[in-house]
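Spelled out, the chains give:
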Amino acid sequence: MKLYTKTRNKQNSRLIWPTFRLYLKPQKQLIVPRKISSAKNATREDNMENNRYELNVQLAQMLKGGVIMDVVDVEQAKTAEEAGAVAVMALERVPSDIRRQGGVARMSDPDMIAAIKQAVSIPVMAKARIGHFVEAQVLEALSIDYIDESEVLTPADEECHIDKSLFSIPFVCGARNLGEALRRIAEGAAMIRTKGEAGTGDVVEAVRHMRTMNREIRQLQNLPTEEVVPFAKERGLPLELSFKVRELGRLPVVNFAAGGIATPADAALMMQLGCDGVFVGSGIFKSSDPAKRAQAIVKAVACFNDPDQILEASRGLGTAMESINVSGMEDGERLAGRGW
Amino acid sequence: MASAIGILDLQGDVIEHIAHFESIGVSTRRVKAPADLSGLSGLVIPGGESTCLWRLLRLFELDRAIADAVGQQKIKVWGTCAGAILLATRIRNEPAKLGLLDIEVARNAFGSQLDSFHSRALIPKISDREVPLTFIRAPKILQAGKDVEVLLAVDDYIAMVESTAALATIFHPEMTPCLAFHRYFARKCGVQRSGTDRV
């Protein structure tokens, strides 16, 4: 544990966020109108500028050290906010129910999402299917705060993801490795999360994905310049972003953990592995005492380096969600394989 | 007095503030517990989600510790965005949190993320040049008490205020390359800067 603590702090102290790297370079258009764009009058030119994207990356930076919780109704959203969630993900069924009930999982009912948005002051996120850019357009028209282009829903396109650069609204996307993460960022994602294996309560895949990304970033940093191209080619990494990651020593956007986090210790584990915050899907509202577990996970993420605090947070929580061991699952049952 | 500035390290854009202070040669300390406040000359409450921050402040008993530090030990405090909400003595439609600065704020007053924006303004006390401003799901300061100086007012709201004890900005100077706000706060705290600016 000490090892991670050290690594992480060292990493933080020399970390310069890409957003203000961007600023350090001479900017062409420093004189700008007072209000650059808003949803109603944002034009294609606005989106092409870095401003909107930068604001979206910055919102994700505000969420750092926080917990984003899946909620299916207003009551759960209020419980999550009260417990200290930094955002809620509004959806009709949590991943464990989607997994059990099967069928086609789509974007949630806009009225339900709107009711949740009305009920809380924290940011509201909602899921669109992979490649379903019209669901994303609808969610943008609904003026929520963030879209998750999610493998938890049934993919609408088995080749292409949404061209997120066309939107003003920010997107978060799942990734299993550096290649997926950078391809999503190249498409316009302003935030990345591990895919993990949603709805299982088994953290093993989230750990695998976070370790894989961290390992590939370390490898990239140690490569001589001429070896970056073959490395990137082999893994499907966009080249320009590969050089950026090599320079920064991390993804150029915030990276959260998601998929299988069920306990305060799971959440702290992911934080010690170096993620910036966590998503908890079925783990909270499928447990025996959601409010208490939600508070405990928020606390564990805030004190992820302090075993005594994590111990306190882990006491008296009742039973965790009903869980599935991922290693016993058929490939077809795994959601993480969705995404290209 | 060569002393450090504390950054409340519970949630939000902590490292951005630390990086800014480091680049002007001011040492910082992460504040996670009441004991971390001792000997500080200033405290920054960063941007983040104010409901989450408030919950964690109470959980770690930092709410009273900060009020005492500001009230008795006279340490200066600066709230950015969520931090400004927590400092306010009046919050529209909800009870006040730390209540250390006589202002009225409305949470999330611009709308959703689609209404976040960048702009620029001239704030004479901060810099003689225009400074970049980043508003992300920002609150609005609606009114300032008589002992509170308004440093920037835009349209129908106030964006930056200062009292003897506190500074509040509804925007995020830590998200821009501008170091003028951090220099200003370091001066307000009477903190010596070691060496010259790195940026």
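Residues numbered from 1 in each chain as written. Chains lettered and ligands numbered in written order. Predicted model: local features only at pLDDT ≥ 70, side-chain atom pairs only at ≥ 80, totals over all residues. Heavy atoms only, no water.

1. Concerning the overall build of chain B
- A count of helical and extended segments in chain B gives 5 helices and 12 strands.
- What you see for chain B is a C-alpha radius of gyration of 15 Å, in line with the 16 Å of a compact globule of 199 residues.
- The principal-axis extents of the C-alpha atoms in chain B amount to approximately 40 × 40 × 30 Å.
- Within chain B, buried positions represent 66% of all 199 residues.
- Partitioning the contacts of chain B with sequence separation of at least 6, the portion at a separation of at least 24 is 63%.
- Accessible surface computed for chain B: about 7000 Å², of which carbon and sulfur atoms make up 47%.
- Separation of charge centres in chain B, based on 23 positive and 22 negative side chains, amounts to 3 Å. (Helix = DSSP H or I, 4+ residues; strand = E, 2+ residues; numbered from the N terminus. Rg over C-alpha atoms; globule rule 2.2 N^0.38 Å. Buried < 20%, exposed > 50% of the residue type's maximum accessible area, 1.4 Å probe, protein only. Contact = heavy atoms within 4.5 Å. Areas by Shrake-Rupley, 256 points an atom, 1.4 Å probe, with all protein chains shown as cover. Lys, Arg positive; Asp, Glu negative; His and termini not counted. Charge placed at Lys NZ, Arg CZ, Asp CG, Glu CD.)

2. Regarding the sheet that holds strand S7 (residues 254–256) of chain A
All names here are of chain A.
- With respect to topology, 8 strands assemble into an open sheet ordered S7-S6-S5-S4-S3-S2-S1-S8, the strand pairing being parallel. Of all the strands in the sheet, just S7 and strand S8 (278–280) have a single pairing partner and so form its edges. Averaged over all pairs of adjacent strands, the angle between their axes in this sheet comes to 30 degrees, without regard to strand direction.
- Bridge count between strand S1 (residues 67–71) and S8: 3 bridges; the pairing is parallel. Each bridged residue has a counterpart across the sheet, and for methionine 69 the counterpart in S8 is valine 280.
- Most of the contacts of helix H8 (residues 133–141) go to strand S3 (residues 124–129), to which it runs at about 160 degrees, and overall it touches S3, strand S4 (146–150) and strand S5 (171–175).
- Across the sheet, helix H10 (residues 204–222) touches S5, strand S6 (191–194) and S7, and the angle it forms with S6 is around 125 degrees. (Pairing = 2+ DSSP bridges. Axes fitted to C-alpha atoms, helices over the stretch in contact; angles between N-to-C directions.)

3. A short note on the interface of chain A and chain B
- Facing 51 residues of chain A, the contacting portion of chain B comprises 43 residues.
- Summing both partners gives a buried area of about 3900 Å² for chain A against chain B, and 61% of it is carried by carbon and sulfur.
- Where chain A touches chain B, the interface holds 2 salt bridges.
- Here lysine 64 of chain A and glutamate 16 of chain B are joined by a salt bridge, their closest N and O atoms 2.6 Å apart.
- The interface formed by chain A and chain B holds 21 residue pairs in polar contact (both at pLDDT 80 or more) in total.
- Listed by contribution, the elements that provide at least two residues to the side of chain A that touches chain B are helix H1 (2–13), helix H2 (18–24), helix H4 (50–62), helix H5 (74–83) and helix H15 (290–302) of chain A.
- Its residues assigned to classes, the side of chain A that touches chain B shows 24 nonpolar, 16 polar and 11 charged. (Buried area = accessible area lost by both parts, 1.4 Å probe. Salt bridge = Lys/Arg side-chain N within 4 Å of Asp/Glu carboxyl O. Polar contact = N/O pair within 3.5 Å; in protein donor to acceptor, adjacent residues only side chain to side chain. Nonpolar A, V, L, I, M, F, W, Y, C, P; charged D, E, K, R; others polar.)

4. Quick look at the packing of H5 of chain A against helix H7 (residues 110–119) of chain A
Residue and element names in this part refer to chain A.
- One can describe the packing of H5 onto H7 by two numbers: an axis separation of 9 Å at closest approach and a directional angle of 35 degrees. As H5 packs across H7, the resulting crossing turns out to be right-handed. Seen from H5, the contacting residues are Val74, Ala77, Lys78 and Glu81; seen from H7, they are Ala115, Ile116 and Ala119.
- Residues belonging to the contact of H5 with H7 are distributed by class as follows: 5 nonpolar, no polar and 2 charged. (Left-handed = near helix turned anticlockwise from the far one by under 90°.)

5. Considerations on the pairing of S1 of chain A
Residue and element names in this part refer to chain A.
- Burial runs high along S1: 5 of the 5 residues are buried.
- Residues Val67, Met69 and Val71 of S1 are buried on one face, and the alternating residues Ile68 and Asp70, pointing to the opposite face, are buried as well.
- In the sheet, S1 pairs with strand S2 (residues 87–90) via 4 bridges, with the strands oriented parallel. Following the sheet pairing, aspartate 70 is matched in S2 by methionine 89.
- What joins S1 to S2 is H5, and the crossover it makes is right-handed. (Right-handed = clockwise from strand over helix to strand, strands pointing away.)

6. Quick notes on the pattern of salt bridges
- Counted according to the given criterion, the structure contains 32 salt bridges over all chains.
- Between glutamate 205 of chain A and arginine 334 of chain A there is a salt bridge; the shortest N-O distance is 3.9 Å. One end of the pair, glutamate 205 of chain A, is in helix H10; the other, arginine 334 of chain A, is in the segment after helix H16 (307–314), with 129 residues separating them in the sequence.
- Residue glutamate 205 of chain A is classed as buried on the basis of its relative accessible area of 6%.
- Residue class for arginine 334 of chain A comes out partly exposed when judged on its relative accessible area of 24%.
- Here aspartate 9 of chain B ties to arginine 30 of chain B by a salt bridge, and the two come within 3.1 Å at their closest N and O atoms. Here aspartate 9 of chain B, found in the loop between strand S1 (5–8) and helix H1 (14–23), pairs with arginine 30 of chain B, found in strand S2 (residues 28–31); they are 21 residues apart in sequence, far enough to count as distant.
- Looking at aspartate 9 of chain B, the relative accessible area reads 11%, which means it is buried.

7. A look at the packing of helix H9 (residues 178–187) of chain A against helix H12 (residues 239–248) of chain A
Residue and element names in this part refer to chain A.
- Interaxial distance between H9 and H12 falls to 10 Å at its minimum, and their mutual angle equals 115 degrees. The angle between H9 and H12 places the two elements in the roughly perpendicular class. Remark: the crossing between H9 and H12 carries right-handed chirality. Every residue of H12 that contacts H9 at Leu182, Ile185 and Ala186 is listed here: Leu241, Ser242 and Val245.
- Split into classes, the residues belonging to the contact of H9 with H12 amount to 5 nonpolar, 1 polar and no charged. (Parallel < 35°, antiparallel > 145°, perpendicular 65-115°, else oblique.)

8. Details of the nonpolar core
Residue and element names in this part refer to chain A.
- One finds Met270 and Val278 to be the most contacted residues of the largest nonpolar core, which totals 167 residues.
- Not counting chain neighbours up to four residues away, the residues in contact with methionine 270 comprise Val203, Ala206, Val207, Met210, Ala257, Ile261, Cys275 and Val278.
- Judged by nonpolar contacts, the second largest core, of 6 residues, contains Ile98, Ala105, Val152 and Leu153. (Core = buried A, V, L, I, M, F, W, Y, C linked by side-chain atoms within 4.5 Å.)

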